[in-house]
Amino acid sequence: MSDTVTTTPATRSPFAGAVEQVRAVAGKHAEQTDEKAEFPLAALGKLREQKLLGLLVPAGYGGLGGTVDDMIDAGIALGRADMSVAMIFTMHCQQVAALVRHAGPGLAGALLPRIAAEQLYLASVTTEAGKGGHLLSATSRLTAEPGWLDIDRTAPIVTGGLHADGFLITMRSPDAESDSSVSLVYADRDQLTVTPSGDWNPLGMRASHSTALHLTGRVPDHQVVGEHGAFRAIVLDTFGPLAHLGWSASWLGTATGALSRVLRTLRSPAGRKSADLESELLLTRLSRARQRLDTVHALLRHTAAAVRAADGGDALTRPSCQLLLNALKITASEECHRAVEDLVDAVGLRHGYLKDSPTGLERALRDLRSAPLNYSNDRLHLADGSLALLDPGVSYA
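None of the values given here were measured: they were computed from a predicted structure. (Residues numbered from 1 in each chain as written. Predicted model: local features only at pLDDT ≥ 70, side-chain atom pairs only at ≥ 80, totals over all residues. Heavy atoms only, no water.)

Colleague: Even after reading the chapter, I still don't get the overall build of the chain, so can you show me in this structure?
Modeller: Each helix and strand in the chain was counted, giving 11 helices and 8 strands. Taking the principal axes of the C-alpha coordinates as reference, the chain spans close to 75 × 50 × 40 Å. Here the chain holds 397 residues, and 55% of them are scored as buried. Contacts in the chain between residues far apart in sequence, at least 24 positions, make up 78% of those at least 6 positions apart. On the chain, roughly 16,900 Å² of surface is accessible, and the fraction owed to carbon and sulfur atoms is 53%. Looking at the chain, you have 38 positive and 43 negative side-chain charges, and the mean spots of the two groups are 6 Å apart. (Helix = DSSP H or I, 4+ residues; strand = E, 2+ residues; numbered from the N terminus. Buried < 20%, exposed > 50% of the residue type's maximum accessible area, 1.4 Å probe, protein only. Contact = heavy atoms within 4.5 Å. Areas by Shrake-Rupley, 256 points an atom, 1.4 Å probe, with all protein chains shown as cover. Lys, Arg positive; Asp, Glu negative; His and termini not counted. Charge placed at Lys NZ, Arg CZ, Asp CG, Glu CD.)

Colleague: Can you walk me through the pattern of salt bridges in this structure?
Modeller: Between side chains of opposite charge, pairing is possible as soon as their charged atoms come close. One pass over the full model with this rule turns up 19 salt bridges. Lysine 46 is the salt-bridge partner of glutamate 49, the closest N and O atoms lying 2.9 Å from each other. Here glutamate 49 pairs with lysine 46, and both are found in helix α2 (residues 41–49), just 3 residues apart, close to one helical turn. Among the residues examined, lysine 46 registers a relative accessible area of 17% and is labelled buried. Look at the salt bridges and you will find they share partners, linking Asp34, Lys355, Glu362 and Arg366 into a network. (Salt bridge = Lys/Arg side-chain N within 4 Å of Asp/Glu carboxyl O.)

Colleague: Mind showing me how you'd approach the nonpolar core here?
Modeller: Across soluble globular proteins, nonpolar side chains have a tendency to be buried as a group. In this structure, Leu99, Phe167 and Ile169 are the most contacted members of the largest nonpolar core, which totals 117 residues. Sort the elements by how many residues they give to this core and helix α6 (residues 231–267) lands first, with 16 residues. (Core = buried A, V, L, I, M, F, W, Y, C linked by side-chain atoms within 4.5 Å.)

Colleague: Sorry if this is basic, but what is going on with the sheet that holds strand β1 (residues 122–125) here?
Modeller: Adjacent strands of a sheet pair through backbone hydrogen bonds, lying either parallel or antiparallel. Taken in spatial order, the 4 strands of this open sheet run β1-β4-β5-β8, and their pairing is mixed. The outermost strands of the open sheet, each flanked by one partner alone, are β1 and β8 (224–225). With respect to the sheet, helix α4 (residues 83–102) is in contact with β1, β4 (166–172) and β8, its orientation differing from that of β1 by roughly 85°. In this fold α6 packs onto β1, β4, β5 (182–188) and β8, with an angle of close to 75° to the strand it touches most, β5. (Pairing = 2+ DSSP bridges. Axes fitted to C-alpha atoms, helices over the stretch in contact; angles between N-to-C directions.)

Colleague: Hey, could you run me through the sheet that holds strand β7 (residues 210–220) in this one?
Modeller: If you walk across this open sheet you meet the 4 strands as β2-β3-β7-β6, and the pairing is antiparallel. Bordering the open sheet on either side are β2 (143–145) and β6 (192–197), each of which pairs with just one other strand. Between one strand axis and the next, the sheet turns by 20° as a mean value, whatever way the strands run. Bridge count between β2 and strand β3 (residues 148–159): 3 bridges; the pairing is antiparallel. When the sheet's bridge partners are listed, alanine 144 is paired in β3 with leucine 149.

Colleague: Sorry, what's going on with helix α11 (residues 377–389) here?
Modeller: One full turn of an α-helix is made of 3.6 residues, so residues set three or four places apart face in the same direction. For α11, which comprises 13 residues, the first-to-last C-alpha distance of 18 Å matches the rise-based estimate of 18 Å (1.5 Å per residue) to within 8%. Inspection of α11 places Asn377, Leu380, Asp384 and Leu387 among the buried residues, and these make up the whole buried set. Looking straight down α11, one finds that the buried residues subtend no more than 75° of arc, so they occupy a single side. For α11, exposure combined with an orientation more than 90 degrees from the buried face picks out Asp378, Leu382 and Leu389. (Expected span 1.5 Å × (residues − 1). Arc of directions from axis to C-beta.)

Colleague: I keep staring at the packing of aromatic side chains and nothing clicks. Help me out?
Modeller: Counted under the stated rule, the structure contains 3 aromatic pairs. Ring centres of phenylalanine 39 and tyrosine 121 lie 5.9 Å apart, and the angle between their planes is 40°; this geometry places the pair in the tilted category. Note that phenylalanine 39 is positioned in the loop between α1 (16–36) and α2 and tyrosine 121 in the loop between α5 (105–118) and β1, a separation of 82 residues in sequence. Exposure remark for tyrosine 121: the relative accessible area of 2% places this residue in the buried category. Residues phenylalanine 231 and phenylalanine 239 carry aromatic rings whose centres are separated by 5.4 Å and whose planes lie at 80° to one another, so their mutual orientation is edge-to-face. An identical accessibility class is assigned to phenylalanine 231 and phenylalanine 239; each is buried. (Phe/Tyr/Trp six-rings, centres within 6.5 Å; stacked < 30°, edge-to-face > 60°.)

See below:
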């Protein structure tokens with residue numbers, strides 16, 4: 001482990017002003033990037049301008065030295081404007097955290113200062129055809145030559161891959177005897193030939209531009225992150241926790257922004273004239289939406305505190321902590337979507353269903369529909385059933 005990601009208790013982030021500038025740009029372009037399924041280049045440019053791609057890079061490497069709670073705050077704030085931008089940012093932070101915690105001294109010393117100074121955007125390459133979304137297996141094998149590793153990897157979904165400056169790629173280890181011996185390797189874009197295939201025309205998350213890519217190239221063997229075959233440890237320690245925290249923050253932000261816009265619309269002079277603000281049906285649906293979001297927010301902050309307390313230690317591998325992390329992902333993905341559905345029912349056709357409504361519920365609903373599918377809730381429930389059997393005393397993290 002080359003360093004640690006700082007995890008201080010949640011307070012108002014010192015980076016809130018910088019994040020707000022990014023949020024303003026993301027909101028300005030959100031309708032266009034959604035309509036055209038375009039990557040949010042303007043928002044990425046503002047992230048670079050504000051040095052936020054180095055948020056989780058320790059100050060000793062020239063980064064902002066931010067915390068996981070800062071990432072969560074940023075994910076919620078950006079999600080209010082554009083869920084794709086929030087997911088792009090938090091997933092980048094996940095990649096950076098993996099490097100901070102697990103890169104060897106040579107790779108960390110060379111790469112982390114570059115992420116901070118050059119504001120490199122990192123993409124994750126973990127998907128693979130034919131493995132059903134299983135994160136801890138790989139079919140494409142790294143080929144080892146003296147001092148070098150050869151990469152030949154096809155991934156059906158790579159968020160922002162066409163615009164990434166570097167990639168963290170999962171592959172089967174060179175001497176692996178099974179597909180569960182997975183290595184994580186870093187590659188700069190200029191070390192690879194990146195070939196896109198197919199179009200990106202999804203229901204929601206359109207601005208994430210998560211196209212299929214074929215990556216080929218050669219990297220020095222010190223660019224393996226951690227030990228060969230030890231990707232499972234990286235997942236338990238960093239990839240899993242940061243993914244579930246960052247995704248949930250993005251989803252919560254999206255649903256929070258939707259609720260805020262609905263409430264402002266209802267309280268506007270025009271809204272007061274057209275809606276019955278004393279309607280029991282309206283008030284009940286608003287209450288349920290708020291209740292769902294308060295529940296997700298409480299669970300998100302509690303899970304972040306549990307990860308902070310573990311500080312990358314063995315506690316994260318205990319069934320109670322793994323169950324909590326999975327519960328966060330499942331609950332946030334379901335309840336945020338349901339909250340927006342409540343709002344659609346509350347305000348009806350004009351403000352709940354039409355694309356040009358100022359509430360933006362139509363896009364929020366489409367974007368949030370992806371949440372249960374983003375590492376399938378069904379797969380997590382299967383894992384949780386096995387984890388529950390390992391904890392007959394039913395302990396809580």
